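Read off the chains here:
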Amino acid sequence: MATEAATRSSISLKGSAALVQEFFYFGINSILYQRGIYPAESFSREKRYGLSLLVTNDDKLKSFLDPLLKQIEHWLSCRLLKRLVVVILNVQNKEVLERWQFDIETDKDVTESGANSTREKSEKVIRQEMSDVIRQITASVTFLPLLEQACSFDVLIYTHKDTEAPSGWSESDACIIEDSQEVQLRSFSTSVHKVDTKVSYKADI
């Protein structure tokens, strides 16, 4: 029993939100690096999940991502976030070329405090599951089409109805790719939040 206890930990709603937000930080950075949206020299290496990951040094990009991720963590801790989508677009004609979709399920029974406020799962196991998804994102260059044109990106956030959006945020369409190819990637779970990942892409770029 002592061994079992040593390999398990209690995950709260806020603790889970922090873990998932951290995953999105490294996941979005990995997508932007692997797909060449920003110059390779604007990224630096950081060790996480047993991997050497690349994160941006670009001040303008960081000023976009930092408040976004803070808001994501807040919505996760309030059980309001349903989906996050990273969209890659052709700069010239705004055509959607790739759509990285992360679907989020939250344990409806977990509470912020009290007897039902935590779930049991080893944080080491959670981080290994996150690592497996990041590895797949990194390996995606083996099957995704080469993006030879200049591209930009956007992040779409899906929340529960009547969720108040911060000032400066705007409504967007779903940026669906017609006749797309789709690849389902791995999922991970904190036991409070479960995240499923898939990428859709335009095959005939």
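Reading the values: rules and limits
Residues numbered from 1 in each chain as written. Predicted model: local features only at pLDDT ≥ 70, side-chain atom pairs only at ≥ 80, totals over all residues. Heavy atoms only, no water. pLDDT = per-residue confidence, 0-100. Contact = heavy atoms within 4.5 Å. Buried < 20%, exposed > 50% of the residue type's maximum accessible area, 1.4 Å probe, protein only. Helix = DSSP H or I, 4+ residues; strand = E, 2+ residues; numbered from the N terminus. Pairing = 2+ DSSP bridges. 1 Å grid on protein atoms, 1.4 Å probe; cavity = no way out; pocket = protein on both sides within 12 Å on 5 of 7 lines; lining within 4 Å. Points joined across faces, edges and corners; volume = space filled by probe spheres on them. Nonpolar A, V, L, I, M, F, W, Y, C, P; charged D, E, K, R; others polar.

A. Structural view of the confidence of the model for the chain. The pLDDT averaged across the chain works out to 92; a share of 96% of its residues lies at or above 70. When the criterion is pLDDT under 50, residues 1-7 qualifies, and its contacts beyond four places in sequence or with other chains add up to one contact.

B. Up close: the pairing of strand β9 (residues 193-201). The buried fraction of β9 amounts to seven of the nine residues, a majority that puts the element mostly inside the structure. Examined bridge by bridge, strand β5 (residues 96-106) and β9 share nine bridges and lie antiparallel to one another. Along β9, the bridge assignment pairs Ile104 with Val195. Across seven bridges, strand β8 (residues 181-189) lies against β9 in antiparallel orientation. Bridge pairing in β9 places Val183 opposite Val199. Counting the residues that bridge the hairpin from β8 to β9 gives three residues, and of these Ser191 lies at a positive phi of roughly 85 degrees.

C. Structural detail: the layout of surface pockets. One number sums up the size of the largest pocket: a volume of about 660 Å³. For the largest pocket, the lining is made up of 21 residues, of which Val155, Ile157, Trp169, Ser170 and Glu171 are closest to its centre. Broken down by secondary-structure element, the contributors of at least two residues to the lining of the largest pocket are α3 (59-77) and β7 (151-159). The biggest single contributor to the lining of the largest pocket is β7, with six residues. A breakdown of the residues in the lining of the largest pocket according to their chemical character gives eleven nonpolar, six polar and four charged. What the second largest pocket holds in volume is close to 160 Å³. In terms of lining, the second largest pocket is formed by Arg79, Leu81, Lys82, Ile104, Glu105, Thr106, Asp107, Lys108 and His160.

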